[in-house]
Amino acid sequence: MHKFLLSLLVLNCSVSFATDYSQFQEFDNQISIGYGMQEDKITAYGGGDNNISDSSLLNFEGERLLDNGIWIDLNANMNFSQNAANITNNPIISNYGFNGKVGYAFVTADQHLLLIPYGIAGINNYGVPTNNYSLLNQAGSIIANQFFLTTGVGGQIAYRINNSILIYADQNLAYNWDQTGYFSGIQQQNLYSFTSTLGVKFNLVQDLQLGIRGFYTNFQPNATAINPYDDDSLTQAQSSLGGLVSIGLTY
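Residues numbered from 1 in each chain as written. Predicted model: local features only at pLDDT ≥ 70, side-chain atom pairs only at ≥ 80, totals over all residues. Heavy atoms only, no water.

A. Seen up close, the overall build of the chain. Check the secondary structure of the chain and you find 2 helices and 13 strands. The proportion of buried residues among the 251 residues of the chain is 45%. Counting only carbon and sulfur atoms, one obtains 62% of the accessible surface of the chain, whose full area is about 12500 Å². (Helix = DSSP H or I, 4+ residues; strand = E, 2+ residues; numbered from the N terminus. Buried < 20%, exposed > 50% of the residue type's maximum accessible area, 1.4 Å probe, protein only. Areas by Shrake-Rupley, 256 points an atom, 1.4 Å probe, with all protein chains shown as cover.)

B. Molecular detail of the packing of aromatic side chains. Applying the stated criterion across every chain, the model contains 4 aromatic pairs. Between Trp71 and Tyr118, the ring centres sit 5.6 Å apart and the planes meet at 50 degrees, which makes this aromatic pair tilted. Pair noted here: Trp71 is in strand β3 (residues 70-84) and Tyr118 is in strand β6 (residues 113-126), with a separation of 47 residues, a long-range link. With respect to burial, Trp71 and Tyr118 carry one shared label: buried. (Phe/Tyr/Trp six-rings, centres within 6.5 Å; stacked < 30°, edge-to-face > 60°.)

C. Looking closely at the environment of Ser32. Tracing the backbone shows Ser32 in strand β1 (residues 30-44). What Ser32 contacts, discounting residues up to four positions off in sequence, is Asn59, Phe60, Glu61, Ser246, Ile247 and Gly248. A distance of 3.2 Å separates polar atoms of two side chains, one belonging to Ser32 and the other to Gln30. (Contact = heavy atoms within 4.5 Å. Polar contact = N/O pair within 3.5 Å; in protein donor to acceptor, adjacent residues only side chain to side chain.)

D. Local environment of the environment of Gly34. Relative to the helices and strands, Gly34 is located in strand β1. Exposure remark for Gly34: the relative accessible area of 3% places this residue in the buried category. C-alpha of Gly34 to C-alpha of Leu210: the two residues are 176 residues apart in sequence and 9.6 Å apart in space. With near-sequence residues (within four places) excluded, Gly34 lies in contact with Leu57, Leu58, Asn59, Leu244, Val245 and Ser246.

E. Inspection of the nonpolar core at higher detail. Ranked by size, the top nonpolar core spans 13 residues in total, and within it Leu65, Ala105, Leu114 and Leu166 carry the most contacts. In terms of residues, this core owes the most to one element, β6, which gives 4 residues. Not counting the four nearest positions on each side in its chain, Leu114 is found in contact with Tyr21, Phe24, Asp28, Leu65, Ala105, Phe106, Val107, Gln156, Ile157 and Ala158. (Core = buried A, V, L, I, M, F, W, Y, C linked by side-chain atoms within 4.5 Å.)

F. Structural view of empty space enclosed by the protein. Per the stated rule, a full pass over the model turns up 1 cavity of 30 Å³ or more. Of the volumes computed, that of the largest cavity is approximately 960 Å³. Taken together, 45 residues line the largest cavity, and the ones lying closest to its centre are Asn75, Asn77, Asn99, Lys101 and Thr195. No other element matches the 7 residues that strand β12 (residues 208-221) contributes to the lining of the largest cavity. Residue classes in the lining of the largest cavity are distributed as 12 nonpolar, 26 polar and 7 charged. (1 Å grid on protein atoms, 1.4 Å probe; cavity = no way out; pocket = protein on both sides within 12 Å on 5 of 7 lines; lining within 4 Å. Points joined across faces, edges and corners; volume = space filled by probe spheres on them. Nonpolar A, V, L, I, M, F, W, Y, C, P; charged D, E, K, R; others polar.)

G. The arrangement of the pattern of salt bridges in detail. Going through the model one piece at a time under the given rule, you end up with 4 salt bridges. We note a salt bridge from Glu61 to Arg213, for which the minimum N-O separation is 2.7 Å. Highlighted residues: Glu61 in strand β2 (residues 50-65) and Arg213 in strand β12, separated in sequence by 152 residues. The pair formed by Glu61 and Arg213 is uniform in burial state, with each residue classed as buried. Because the salt bridges share partners, they merge into one network encompassing Asp28, Glu63 and Lys201. (Salt bridge = Lys/Arg side-chain N within 4 Å of Asp/Glu carboxyl O.)

H. View of a nonpolar patch on the surface. A surface patch of nonpolar side chains, amounting to about 870 Å² of accessible area, comprises Ile72, Leu74, Met78, Tyr96, Phe98, Val102, Ile123, Phe147, Leu149 and Trp177. For the nonpolar patch, the elements supplying multiple residues, two or more each, are β3, β4 (94-104) and β9 (146-160). Relative to the assigned elements, Ile123 resides in strand β6. Ile123 sits in the partly exposed class, given a relative accessible area of 42%. (Patch = residues over 30% accessible without salt bridge, like charges linked within 9 Å, V, L, I, M, F, W, Y side chains within 5 Å.)

I. A look at unusual backbone geometry. The phi dihedral of Gln111 falls on the positive side, at around 65 degrees, and the residue is not glycine. Looking at the element boundaries, Gln111 is found in the loop between β5 (106-107) and β6. Its relative accessible area of 13% is what places Gln111 among the buried residues. Here Asp207, not a glycine, exhibits a phi torsion of approximately 70 degrees, which is positive. Within the fold, Asp207 resides in the loop between β11 (191-205) and β12.

Structure below.
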């Protein structure tokens, strides 16, 4: 009898301390497609003027919050139809990347606040002249496309207003390793990126979600480049500002 009562006590304690993520799973268990706009501020080496590059952004995302608190977010994106002021020939280009986040969720007892520290890993390609250090010769043609291996850390805080609306803020720091290698006197263009995101999720009807987010990224280079062709033709990203609207299915 004593063993039976002890077993019941242990089971009761386990249930009492088990974390319930169901309220947030209604928002975070989703797959979506999004479309947005992005504006990059870029500066030419050699003291050139600041330029602005406008682009469209296509995004695919899958997100999952498991019953044990593990949070997973997979993201594939593409920037296209860019038009950069003061860049020779105003090239139309495509950039793309695939990134994953994995973290652990902490939820408050009232099921309204969720905290998620996470790690980041991914691979990104930056063409000309967006987000980073694509290399141009004097004619404005591409002489190198750069692939970056990305790792970093971040955190997200989410507040569930009710069963239909959730707002969140996300901040991460990533380090990007340039995989192009040493090219014609130009060093590898490793860089830091700091990204801040504010967003809201609306569960419009059952299994249908609308998302809206805005983001800002600041880039900090970790190398000095020397362009053997023309210092003013090598672009360096300073920051990116954009927004995205997504539609998705919850599950």
